Amino acid sequence: MSSEGQANRVEIDRGRYRQLLGAAGTDRERLVLRLAGEVGLTPTEMTRLEAGHAETRLHDGGVSHALRVPDGDGGTDRLAPLPADLESALTAYVGPTAEPDAPVFEVTARRLQMLVGSVTDRAAEAAADPALERVSTADLRRFFGRDAVERGVAPGAVLAAGGWDRLDSIGAGVSDPDGEAAVSAFANASPPVVPDDAPATETVGEAAGPDPRALRDALDRLDAAVVVLGPSGRIRHANRSFERLTGRRVDGVVGRSFDSLVLDDALPGEFWRAVATEGAWSGVLPYASAEDGARERWTRASRVPDGTGGAERVVVEIRQQGTSPAAGRAKAVAASARAVGERLLDELTRDGVLAAATEVLARGDAYACAWVVDPSPPQGLEPLAAAGVEPSVAAEYAAGDADLAEAARTVAETGTVRTITVDPVSAAPDAPSLLLAPLRHAESVHGVLVLAAPGAADIEDREREVVADLGRRVGLALSAAEWRHLLLSDTVLELTFESTDPDSLFVDASDRHGCRIELDGMVPVEEGLLYYVTVSGAAPEDALGTAREAGEARLVADRGDAALLEVAAPNASLATPLVERGGNVRSLVAEDGRAELVCEFSPDAAVRDLLDAFREAFPESNLLAKREEDRPTASSSSLRAADDELTDKQRSVLRAAYHAGYFEWPRGSTAEELADSMDISSPTLHNHLRRAQQRLLTALFEGESRPLAEETVSWDS
């Protein structure tokens, strides 16, 4: 390198690195700095980065994270170490539901360099350190290499992880490890810099954390045997209960591999793989006893962060076989969930799905009975389906106790699983622990599943997760049954509702401002529905102010005589109770304090129940008309087929972009504004939007019957 290039270098230490991180004003800026300073990526490599390039790795029985650095030709250039907290930040930035090939940064390398320059300018001013202005991504990469060497990582591993041929501060005679060995070397070294407001003093070697003596005392007070493993899979500590259970002294096992505690080759092959990829493993292992050979023990291993962003530790809990009732219950719950999934494949109707789910769950070993209730019933808790208990008894399961009805409404509104304890009526099974889960798909809540468990049952978080997933699967089956009915039916039931209820945002705003509000479109988002409405006859700022009183809103376009608003007001929307029950809103118009809403349902929908649910949310409402209409003929079979292939998220993003004027020129909304409205990251929005556009355009152009040669297009027009 020339002397001029050497002179432009800025040496960064941990203090300066923290100052740079502190000057980052956005998640993107912070992520770019950390990928250069803690992973060793260049700006060009960052532009190639995709969501699926982050991986959890195994090394010597331990676990850590790594990044497959792309080479630009569809392959992998190298493996780079990825601190645990940085892996979490990267996942949060791209979104947990992002497709594996979703790009992390949809900008050029030059744009990323300019972004770093903006941060360094702010850092230099804040720290009164002019040298920080000259910091480049190359300086950040060099910091990554020097810091790794100082933490005890072998020079050869540093070269392999950073993609260098040599480091200026390291001689040429270094080893050349493969990617896995390099990542393992980083995981076993002392922890990297903690990128938050940590104190200046740092511990070299062991990770910072609770006082070791206090931690040992706490573990020794536990009845269960506990073993703490380091990132290499070796035993760091075992408590006194471990000695009592196995007859082996702690000082005789500390420093040895966990594999040495069990009989030869007895550790299952999936043990470390499950710990690495799923975060936990549980089962029975044969432990070598100091007295009388092997003894089988129930074991649960859980991966936990070390708190510094380095490799993660594993805590192993060991109990006598048969002393963990939770293990037996977990098997029963899992077996019931699998049985429900298999049964749902054969059910094609709504009633069939509900009956199958409750029958299978009541027949299993985990629950005494099961039933489904409407989360917003007009009166009582009459079940939609029940098994293991008479429907009339289920409706009075907790007679005189309103907690069940309130809990059902809370579960439906929040989409979470809840456990309550009640005193069952005498005719009901003696199962006072009730587990409630929403039967939900997208924005439709089809009901709340109620499972009655024996009083001795210990309902743990894992069971709640299984039941929550089961609720989603049943909800999907119910939605599929309704879609199937709608698709196969030649008619739809069209209901027209009227409301003058001031609790409705549209009724209130049209009355207050003497204006007309017309629904252009709705988009399902994480927190409910996003509305795009045209307001005429009122000043845009007045309408916007009223909308913001009920929720969140923004002005998309001011068209002079009318304004397009984007509104999110889940508790003030007339459409919500009908959409939740499978309705398809055709139109919604509010004028001078009166709203009229037209909604389509399947022909066998219970009109009285729909009206009761609508009135419960908005009492001053009526049903104006009920009629059956012939299903409209699709204008384009190819486009309709392409629309059917879109995922829910792709369709939602495409619909939001259309209604928000994203495709207009000039644009009515930017991608960032759309992403904020839908509470997703900008890369995630672009990913779903481009995939949706690709599907529709493919259907359009591949469905054209006219040869391309016959078309004439003037690009200057």
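Note on numbering: residues in each chain are counted from 1, in written sequence order. The predicted origin of the model limits local features to residues at a pLDDT of at least 70 and limits the giving and counting of side-chain atom pairs to 80 or more, whereas totals for whole chains, interfaces and linings rest on all residues. Heavy atoms from the whole structure form the basis of all side-chain values; hydrogens and water molecules are not counted.

A.B. asks: Looking at this structure, how should I read the overall build of the protein chain?
C.D. replies: Secondary structure assignment for the protein chain yields 25 helices and 21 strands. Accessibility here uses a 1.4 Å probe with only protein chains present; expressed as a share of the type maximum, an area under 20% marks a residue as buried, one over 50% as exposed, and anything in between as partly exposed. When the 717 residues of the protein chain are sorted by exposure, 48% land in the buried category. Any pair of residues with heavy atoms lying within 4.5 Å of one another is described as a contacting pair. Taking the contacts inside the protein chain whose residues are at least 6 apart along the sequence as the reference set, 61% of them involve residues at least 24 apart. Here the Shrake-Rupley method, with its probe set to 1.4 Å, supplies the accessible areas, and only the displayed protein chains count as covering residues. Total accessible area on the protein chain stands at roughly 35000 Å², and carbon and sulfur atoms take up 47% of it. Under the scheme used here, helices are H or I runs from DSSP no shorter than 4 residues and strands are E runs no shorter than 2 residues, and both carry numbers assigned from the N terminus.

A.B. asks: So what exactly am I meant to see when it comes to the environment of Arg78 here?
C.D. replies: When you line up the elements, Arg78 lands in strand β3 (residues 76-81). When the C-alpha positions of Arg78 and Gly162 are compared, they lie 8.2 Å apart, and in sequence the two are 84 residues distant. Residues within four places of Arg78 in sequence aside, it is in contact with Gly40, Leu41, Glu45, Leu67, Arg68, Val69, Arg141, Ala160, Ala161, Gly162 and Gly163. Of the polar contacts made by the side chain of Arg78, one reaches the side chain of Asp77; its length is 2.8 Å. Pairs of N or O atoms within 3.5 Å make up the polar contacts considered here, provided that, within protein, one atom can donate a hydrogen while the other can accept it, and that residues adjacent in sequence are counted only when both atoms are side-chain atoms.

A.B. asks: What exactly am I supposed to notice about the packing of helix α2 (residues 14-23) against helix α3 (residues 27-37) here?
C.D. replies: A packed helix pair is summarised by two numbers, namely the angle formed by the two axes and the spacing between the axes. All axes here are fitted lines through C-alpha atoms, helices being fitted over the stretch that makes contact, and every angle between N-to-C directions spans 0 to 180 degrees. Between α2 and α3, the least distance of the axes is 8 Å, while the angle of their chain directions is 155°. Looking at the two axes, α2 sits roughly antiparallel to α3. Along its contact with α2, which presents Tyr17, Leu20, Leu21 and Ala23, the element α3 presents Glu29, Arg30, Leu33, Arg34 and Gly37. Residue classes follow a fixed rule: Ala, Val, Leu, Ile, Met, Phe, Trp, Tyr, Cys and Pro count as nonpolar, while Asp, Glu, Lys and Arg count as charged, and any other residue, Gly among them, counts as polar. For the contact of α2 with α3, a count of residues per class yields five nonpolar, one polar and three charged. Angles are sorted into four bins: roughly parallel if under 35 degrees, roughly antiparallel if over 145, roughly perpendicular if 65 to 115, and oblique for all others.

A.B. asks: Mind showing me how you'd approach the pattern of salt bridges here?
C.D. replies: Working definition: two side chains of opposite charge can pair if their charged atoms are close together. The working definition used for a salt bridge is a side-chain nitrogen of Lys or Arg within 4 Å of a carboxyl oxygen of Asp or Glu. Scanning all chains against the criterion turns up 29 salt bridges. Among the ionic pairs, Glu317 bridges to Arg300, the shortest N-O distance being 2.8 Å. Here Glu317 is found in strand β8 (residues 313-320), whereas its partner Arg300 is found in strand β7 (residues 293-304), with 17 residues between them in sequence. Classification of Glu317 by relative accessible area gives buried; the value is 13%. Connected through salt bridges with shared partners, the residues Glu45, Asp77 and Arg78 form a single ionic network.

These figures capture arrangement, not role.
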